[in-house]
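Survey of secondary and tertiary structure
Each chain, written out:
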Number of protein chains: 2
Amino acid sequence: MKILNLLRQIRHLALPNVTKSKYSKYIFATTLSVTLSGVAYYHRPHHAYMNNDIKMDFMAKSITPCDELVSNRNSMRSKMEIMIMNLQKEICSALEALDEKSFIVDKWERAQGGGGVTCVLQDGQVFEKAGVNISVVHGTLPPAAAAQMRSRGKQFAPGELQFYASGISSVIHPRNPHIPTLHFNYRYFEVIDCNGTVHWWFGGGTDLTPYYLDEDDVKCFHKTLKEVCDRFDCTYYSSFKKWCDDYFFVKHRNERRGVGGIFFDDLDSPDSNTAFEFIKSCGKAVLPSYLPIVTKNKDHSYNCAERQWQLLRRGRYVEFNLIYDRGTKFGLNTPEARFESILMSLPLLAKWEYCHSPEPCSKEEELMKVLKCPRDWV
Amino acid sequence: MKILNLLRQIRHLALPNVTKSKYSKYIFATTLSVTLSGVAYYHRPHHAYMNNDIKMDFMAKSITPCDELVSNRNSMRSKMEIMIMNLQKEICSALEALDEKSFIVDKWERAQGGGGVTCVLQDGQVFEKAGVNISVVHGTLPPAAAAQMRSRGKQFAPGELQFYASGISSVIHPRNPHIPTLHFNYRYFEVIDCNGTVHWWFGGGTDLTPYYLDEDDVKCFHKTLKEVCDRFDCTYYSSFKKWCDDYFFVKHRNERRGVGGIFFDDLDSPDSNTAFEFIKSCGKAVLPSYLPIVTKNKDHSYNCAERQWQLLRRGRYVEFNLIYDRGTKFGLNTPEARFESILMSLPLLAKWEYCHSPEPCSKEEELMKVLKCPRDWV
């Protein structure tokens, strides 16, 4: 099975140009996993660049050439690209360790500038569909996007605007209805106006969408996020938790997508380095907040009715993502957007039954109560 | 099975007030179908109002009281309501005759004015999900809708606008991948500005979404629509066929939703009666254009791969309806909209695979070629 996946991955990969810079040592291996005197060999073309003080262990070649990233190691753009590419690898490796399937790796380029790496694990034993996408793009900001940002209070000088955006985005849909779906997304944005002023900010969040409510799981999840927030600002968690509940709202059904987490945008304080350390810490907290829930529930038995309920809730997930999600809208409206990377967030299967409503006092109704009326968890 | 469905229907129905006007004779029966000396008894509470020259055979009580419809029989509002309610019954009866399941009938009211009747057959043997909805609504036009109409050239006087809209809308998703999905929608719109000027128009269309291309089926379908169009205006078919191809376009994938049909809006010529007769004829042509395709293919064998392809294409159907469809957007943005009636168009099941692409020279690729580059069929 691993071999088949390997062949699929190789088919999807453009073979990288092997370059050795003075900073980096390039390791290329297509053999099965072996650990040999401290050097890891991976079952896919592997991109680990060793440096005394910068870890660069990636799923594919970085968008910006590696030696450039190292030369500009102190610029926020480089720090961000290295962070999201390391995080992508870390998340994918952790999920692969739980499944018999591996991630397909697609490196793509954007004609107008930049590119990305999309990793997808589909139809696995534990994960029905899991996507981890990074993108590093730049170019002229579409006028509609500029208007949207101005409406949020950005003070750009008039005229054409250039932008740079890098981020990691992921949705993990497990097969077992007792494991929630996880979504996280962390991004850095720069807009450069014609005066040369650079407007920068960070955004992101991590949120959980259970099919059945396990209060302990939800409490642990929120607690992990709160601990990260509290290390930076004791107002962050309560403010970003509310923002999350407000954002992931399926308006026409008057219900939240899930049990929330944290969500924020336009974070440009106290300074760029601290804000970066905050989102880096949020990224680092993804696995500790989620993996215990996966391992606890992955062998939980479930019946056909529970699976059907999961598929109905996945229909609601699709409704939110296609009707309301700002990221999906922004993505699909961006010229030459890679729609497959945007729509990888959609579940493998989803269901819509006319007027479905859970039985009174059922576990399904218990979940609905929380989605209709969000609770405090910590 | 029929009895179970009957019980479900009864649960969903508010028992009607039985009224006998000088114009109408009300038949109420909950027995199984029996034909008795020319009088049909139906397996659900039945709403047939007999009149010498007006047929009123409905799935539920009309939105406007029946005797009012008859008194105002020459007003366009009454003619339209009678037409769509008769058509709803005709379509539902024809589909039920092919399936072991029956339609659930939901009559609903809108707080701001008007209401509708939603009929849904779900999880049938032939039809996986079929919905036929009529609505007759009126009230104050939301400013966003007014702006959208003005942008299409409507010359309303400034100030608050009242509207009246009645229409029938239907999506039929069969189970067998060799039967296409059918969508049709016919509607009448009035906007009354503060001068008291009534701006009216008709809109609608019928279109086909196959999973496998059967050229004969598509040609017959288009031929039936063309014949209706040609009876009214020999320019209609070519113009409305192109409008349909342009409208049902999934922009981010650069493909059409299906093989088209006809689509038009803002039809206010040559006069209201002729325009009404045109959409009435279009409505009458729905069954002759579609039923032959259903009966021809309903016992066609199919395999798991064909079913999976159908589910993937249904994912595209969901994408179009939730991202682009003007009717869905208008509906979900209307305060107190009945979202279950709007979203009944979504399939029972849909699938999203990352980067799915049909095999070269396969039947699936044959369909894709037509969706990428629409053809002339008659």
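Residues numbered from 1 in each chain as written. Chains lettered and ligands numbered in written order. Predicted model: local features only at pLDDT ≥ 70, side-chain atom pairs only at ≥ 80, totals over all residues. Heavy atoms only, no water.

A short note on the overall build of chain A
For chain A, the helix and strand inventory stands at 12 helices and 14 strands. Across the 378 residues in chain A, those meeting the buried criterion constitute 59%. Sequence separation of at least 24 residues holds for 68% of the intrachain contacts in chain A that already meet a minimum separation of 6. Accessible surface, chain A as shown: approximately 15,800 Å² in total, 53% of it carbon and sulfur. (Helix = DSSP H or I, 4+ residues; strand = E, 2+ residues; numbered from the N terminus. Buried < 20%, exposed > 50% of the residue type's maximum accessible area, 1.4 Å probe, protein only. Contact = heavy atoms within 4.5 Å. Areas by Shrake-Rupley, 256 points an atom, 1.4 Å probe, with all protein chains shown as cover.)

Here's the deal with the sheet that holds strand β6 (residues 114-122) of chain A
Residue and element names in this part refer to chain A. Pairing within the open sheet is antiparallel, and its seven strands lie in the order β5-β6-β7-β8-β9-β10-β13. A single partner strand is all that each edge strand has here, and the edge strands are β5 (104-109) and β13 (260-267). Neighbour to neighbour, the strand axes of the sheet diverge by 5° on average, direction disregarded. Pairing geometry for β6 and strand β7 (residues 127-140), over nine bridges, is antiparallel. Each residue of the ladder has a partner; that of Val117, found in β7, is Ile134. Together, β9 (181-192), β10 (198-209) and β13 form the strand contacts of helix α7 (residues 272-284), whose direction differs from that of β10 by roughly 20°. (Pairing = 2+ DSSP bridges. Axes fitted to C-alpha atoms, helices over the stretch in contact; angles between N-to-C directions.)

What about the environment of Glu277 of chain B?
Mapped onto the secondary structure, Glu277 of chain B falls in helix α7 (residues 272-284). A residue is classified by how much of its surface remains accessible, and Glu277 of chain B, at 35% relative accessible area, is partly exposed.

Comments concerning unusual backbone geometry
All names here are of chain A. In this chain, Ser269 is followed by Pro270 through a cis amide linkage whose omega measures -5°. With respect to the helices, strands and loops of the structure, Pro270 is situated in the loop between β13 and α7. A positive phi angle, close to 55°, is found at Cys355, a residue other than glycine. With respect to the helices, strands and loops of the structure, Cys355 is situated in the loop between β14 (349-351) and α12 (363-372). Among the residues examined, Cys355 registers a relative accessible area of 26% and is labelled partly exposed.

A word on the pattern of salt bridges
All names here are of chain A. Evaluation of the coordinates by the stated rule reveals 55 salt bridges over all chains. Between Asp265 and Arg326 there is a salt bridge whose closest N-O contact spans 2.2 Å. Within this pair, whereas Asp265 is found in strand β13, its partner Arg326 is found in helix α10 (residues 326-333), the two being separated by 61 residues in sequence. For Asp265, a relative accessible area of 7% translates into the label buried. Because the salt bridges share partners, they merge into one network encompassing Arg152, Lys154, Arg187, Asp265, Asp266 and Arg326. (Salt bridge = Lys/Arg side-chain N within 4 Å of Asp/Glu carboxyl O.)

As for the sheet that holds strand β7 (residues 127-140) of chain B
Residues and elements named next belong to chain B. The antiparallel open sheet is built from seven strands, whose spatial order is β5-β6-β7-β8-β9-β10-β13. Each edge of the open sheet is held by one strand with a lone partner, namely β5 (104-109) and β13 (260-267). Sheet twist, expressed as the average angle between the axes of neighbouring strands with direction ignored, equals 5°. Contacts from helix α5 (residues 215-232) reach β9 (181-192), β10 (198-209) and β13 within the one sheet, and its direction differs from that of β13 by about 30°.

Some thoughts on the interface of chain A and chain B
Taken together, the 29 residues of chain A in the interface contact 29 residues of chain B. In this assembly, chain A packs against chain B so that about 2,800 Å² is buried in total across both faces, 64% of it on carbon and sulfur atoms. Linking chain A to chain B there are two salt bridges. The partner of Glu340 of chain B in a salt bridge is Arg253 of chain A, with the nearest N and O atoms 3.8 Å apart. Linking chain A with chain B are 13 residue pairs in polar contact (both at pLDDT 80 or more). Residues of the side of chain A that touches chain B, tallied by class, amount to 17 nonpolar, four polar and eight charged. When β14 of chain A meets strand β14 (residues 349-351) of chain B, the two strands line up antiparallel, connected through three bridges. (Buried area = accessible area lost by both parts, 1.4 Å probe. Polar contact = N/O pair within 3.5 Å; in protein donor to acceptor, adjacent residues only side chain to side chain. Nonpolar A, V, L, I, M, F, W, Y, C, P; charged D, E, K, R; others polar.)

Some points on the relation of the copies chain A and chain B
Structural alignment of chain A on chain B gives an RMSD of 0.0 Å, achieved by rotating through 180° and translating 0.0 Å along the axis. The relationship between the two copies is best expressed as a two-fold rotation axis. Measuring from the rotation axis to each C-alpha of chain A, the shortest distance belongs to Ala350 of chain A, at 2.7 Å. When you check the interface residues of chain A against chain B, 100% turn up at the interface there too, and the contact is symmetric in its surfaces. (Least-squares fit on C-alpha atoms with pLDDT ≥ 70 in both.)

As for the packing of helix α3 (residues 76-96) of chain A against helix α8 (residues 286-297) of chain A
For any two helices packed against each other, one specifies the inter-axial angle together with the distance between the axes. Residues and elements named next belong to chain A. Remark: α3 packs on α8, axes separated minimally by 11 Å, with the N-to-C direction vectors making an angle of 15°. Between α3 and α8, the crossing angle belongs to the class labelled roughly parallel. Our pair here, α3 against α8, has a crossing hand that is right-handed. Where α3 approaches α8, its residues Glu90, Ile91, Ala94 and Leu95 are matched on the opposing element by Val286, Leu287 and Leu291. A breakdown of the residues in the contact of α3 with α8 according to their chemical character gives six nonpolar, no polar and one charged. (Parallel < 35°, antiparallel > 145°, perpendicular 65-115°, else oblique. Left-handed = near helix turned anticlockwise from the far one by under 90°.)

Concerning the environment of Leu95 of chain B
All names here are of chain B. Take Leu95: it is sitting in helix α3 (residues 76-96). Residue classification places Leu95 among the buried residues on the basis of a relative accessible area of 0%. For the pair Leu95 and His222, spaced 127 residues apart in the sequence, the C-alpha separation amounts to 21 Å. With residues near it in sequence (within four places) discarded, Leu95 still touches Phe103, Phe127, Ala130, Ile172 and Leu291.

Here we look at the packing of aromatic side chains
Residues and elements named next belong to chain A. Applying the stated criterion across every chain yields a total of 42 aromatic pairs over all chains. When the centroid spacing of 6.3 Å and the interplanar angle of 40° are considered together, the rings of Tyr186 and Phe264 count as tilted. Taken together, the residues Tyr186 in strand β9 and Phe264 in strand β13 connect sequence positions 78 residues apart. Accessibility expressed as a relative area gives 1% for Tyr186, which makes it buried. By relative accessible area, Phe264 is classed as buried at 0%. (Phe/Tyr/Trp six-rings, centres within 6.5 Å; stacked < 30°, edge-to-face > 60°.)

A short note on the confidence of the model for chain A
All names here are of chain A. Summing up the model confidence of chain A, the mean pLDDT is 89 and the portion of residues at 70 or higher is 87%. Below a pLDDT of 50 lies the segment residues 1-43, which in the model reaches 80 contacts outside its immediate sequence neighbourhood of four places, other chains included. Taken together, the chains of this predicted complex give a pTM of 0.88 and an interface ipTM of 0.88. (pLDDT = per-residue confidence, 0-100.)

Observations regarding helix α9 (residues 304-324) of chain B
It helps to recall that an α-helix has 3.6 residues per turn; residues three or four apart then point in one direction. Residue and element names in this part refer to chain B. The end-to-end C-alpha distance of α9 is 30 Å, a good match for the 30 Å that 21 residues give at a rise of 1.5 Å each. Counting buried positions along α9 gives 17 out of 21 residues, so the element sits mostly inside the fold. A side-chain oxygen of the first residue of α9 lies 3.2 Å from the backbone nitrogen of Ala305; this N-cap is Asn303. (Expected span 1.5 Å × (residues − 1).)

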